[in-house]
Amino acid sequence: MAQHSSARPFHHPQPGSALACGAVSLEALARRYGTPLYVYSADHMVERLALFQQALAGREHLVCYAVKANSALAILNLLAGRGAGFDIVSGGELERVLAAAPEAAGRVVFSGVGKTAAEIDRALTAGILEFNVESEAELDLLAARARKLKMRARFALRVNPDVFAETHPYISTGLREHKFGIGIRRAPAIYKRAARNRWLEAHGVSVHIGSQIRSAEPFGAALERVNKLVQQLRRQGIVLKTVDAGGGLGIDYHDGSFDAEAKAAEYAAALERALSGFEGRLLLEPGRFLVAQAGALVTRVLYVKQNGKKTFVVTDAAMNDLIRPALYQAWHEIVPVRPRAGKARIVDVVGPVCESGDFFARDRKLQPVEPGDLLALLDAGAYGMAQSSNYNTRPRPAEVLVEGAKPRLIRRRETLADLLAPEWMPAKADSAAIERRRLSALALSARRRPLGV
Ligand code: LLP
């Protein structure tokens, strides 16, 4: 397997040349597809997937990519082709998997605290691997839908191990006070009750303690508790086939030399240690670790402006394209695609959206840039496009997936027509009337204007 010396696929092929994704220059891509533009390396994603697959080679396992991190159909198709399964959290994500890789339906786990009856029905008929059930009420609904469809539903209780994982409070999920999962102490009674229902099959147990967790230790602690539950259930005659360790393994947004291979190995070893005695299949739900570092958001500098002591670099990308800095004060490394000589300056990198929260970096040291220059916001492959919006009526960026030396447009740039399409519009007759009013107003104001102005 080809190894990257750096954690990212973006590099300068020669000193002074433009930043490239693999063999493809970001300058060339920006020229061809415009900006802002998401660029991803397919090879990098596949290598990351392989890191987990290799680290877990000693046991039966399935890496279920968390679709929410980046749900592009081409990426789902790519990962499915390398044996990945999928972790979904909505009927929409299920449709994406079925569209991109229908053969992977049996490798899907369905998480989320608010599944609807319609979503459950669709997932049952699609034959997904298991439902990660987050409440007793959901289990009751699952049983009712399964009975109605005369299908047996495989489920895993998502237990809450009450483990603290140090990360941003919005993305920490494993504490008792969070909305996720079922308290681990209540789980045995629920499994026992489910065992009496012929429409339910107790298939596994799942856990997810949060996201962007840098240390392997809390994962080990959570899985130890899960393993205790598995053994306890086994003694009571309930034999679970799967343990789903969730996602959450973090990356280093600051350090491009982050050793992903060592990290994946350390993580897998912690899970293995915690699962001693469990002979079933281990499922993982990584999102960020697989795709974050494969992606960059390429944007063009529109203006460089000075307000008092502060310098603002205004880019054509904004918080609607990448909301992580605004929402979590997340740090994304920003690099010029073609660095200029000269002294670095302290700047704010901001977008055109009308909010002070629309920033990518504050008081950041940046090499000199001029209007027209390209910048790359790194580590933007996960929760970038997936969390984008049309705020300020801004069409979403295009996306390019680079495989070897071949760039492929996997999502065209949205047009304003795309944005307006679902909305009410004045009828044709009305719009003709509006046009007449506009023209007569124009004629009126022309008559009022003094000649020659
Ligand atoms: N499984 C479940 C049940 C999850 O809730 C999540 C993420 C994952 C797997 C994947 O976690 P990952 O491996 O990507 O950390 N928007 C935030 C991250 C939210 C994560 C939500 N759940 C961000 O931009 O940092």
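## Quick notes on the domain arrangement of the protein
Domains assigned within the protein are domain 1 (43-291) and domain 2 (295-419). Taking only C-alpha atoms into account, the centre of domain 1 sits 32 Å from that of domain 2. Counting residues at the interface gives 17 residues for domain 1, matched by 21 residues for domain 2. Between domain 1 and domain 2, the buried area comes to about 1700 Å², and carbon and sulfur atoms account for 55% of it. Taken together, domain 1 and domain 2 are joined by zero salt bridges. Linking domain 1 to domain 2 there are three residue pairs in polar contact (both at pLDDT 80 or more). Broken down by secondary-structure element, the contributors of at least two residues to the side of domain 1 that touches domain 2 are helix 3 (73-81) and helix 10 (288-291).

## Here we look at the packing of aromatic side chains
Counted according to the given criterion, the structure contains eight aromatic pairs. Arranged with centres 6.3 Å apart and planes meeting at 75°, the rings of F258 and F289 form a pair that is edge-to-face. Remark: F289 occurs in helix 10 and F258 occurs in the loop between strand 12 (242-244) and helix 9 (260-274); sequence separation between them is 31 residues. The buried category is assigned to F289, whose relative accessible area is 1%. Cluster of aromatic residues (ring-pair linked, three or more members): F52, F219, F258, Y267 and F289. Seen from the ring of F359, R362 lies directly overhead, with NZ or CZ sitting 3.9 Å from the centre. Looking at R364, its charged tip hangs above the ring of W331, at a distance of 3.9 Å from the centre.

Rules used in this analysis
Residue indices begin from 1 for each chain and proceed along its sequence in written order. Reporting of local features is limited, given that this is a predicted model, to residues whose pLDDT is at least 70; pairs of side-chain atoms are given and counted only at 80 or more, and all residues count toward the totals for whole chains, interfaces and linings. Note that the side-chain values use all heavy atoms of the structure and ignore hydrogens as well as water. Start and end points for every domain follow an automatic or database-based domain assignment. Here, residues are in contact when the closest pair of their heavy atoms is within 4.5 Å. Here's the idea: put two parts together, see how much 1.4 Å probe accessible area each one loses, and the total over both is what we call buried area. Any Lys or Arg side-chain nitrogen located within 4 Å of an Asp or Glu carboxyl oxygen qualifies as a salt bridge. Two N or O atoms count as a polar contact when they lie within 3.5 Å, although within protein this holds only if one can serve as hydrogen donor and the other as acceptor, and sequence-adjacent residues are included solely when both atoms are side-chain atoms. Here a strand is any run of E in DSSP of at least two residues, a helix any run of H or I of at least four, and the numbering for each starts at the N terminus. For Phe, Tyr and Trp, where Trp contributes only its six-membered ring, two rings pair if their centres lie within 6.5 Å, and the inter-plane angle classes them as stacked under 30 degrees, edge-to-face over 60, or tilted in between. Buried, partly exposed and exposed residues are distinguished by accessible area as a fraction of the type maximum, computed with a 1.4 Å probe on protein chains only: under 20%, between the cut-offs, and over 50%, respectively. For a Lys NZ or an Arg CZ to count as sitting over a ring, it must be within 6 Å of the ring centre and within 35 degrees of the ring normal.

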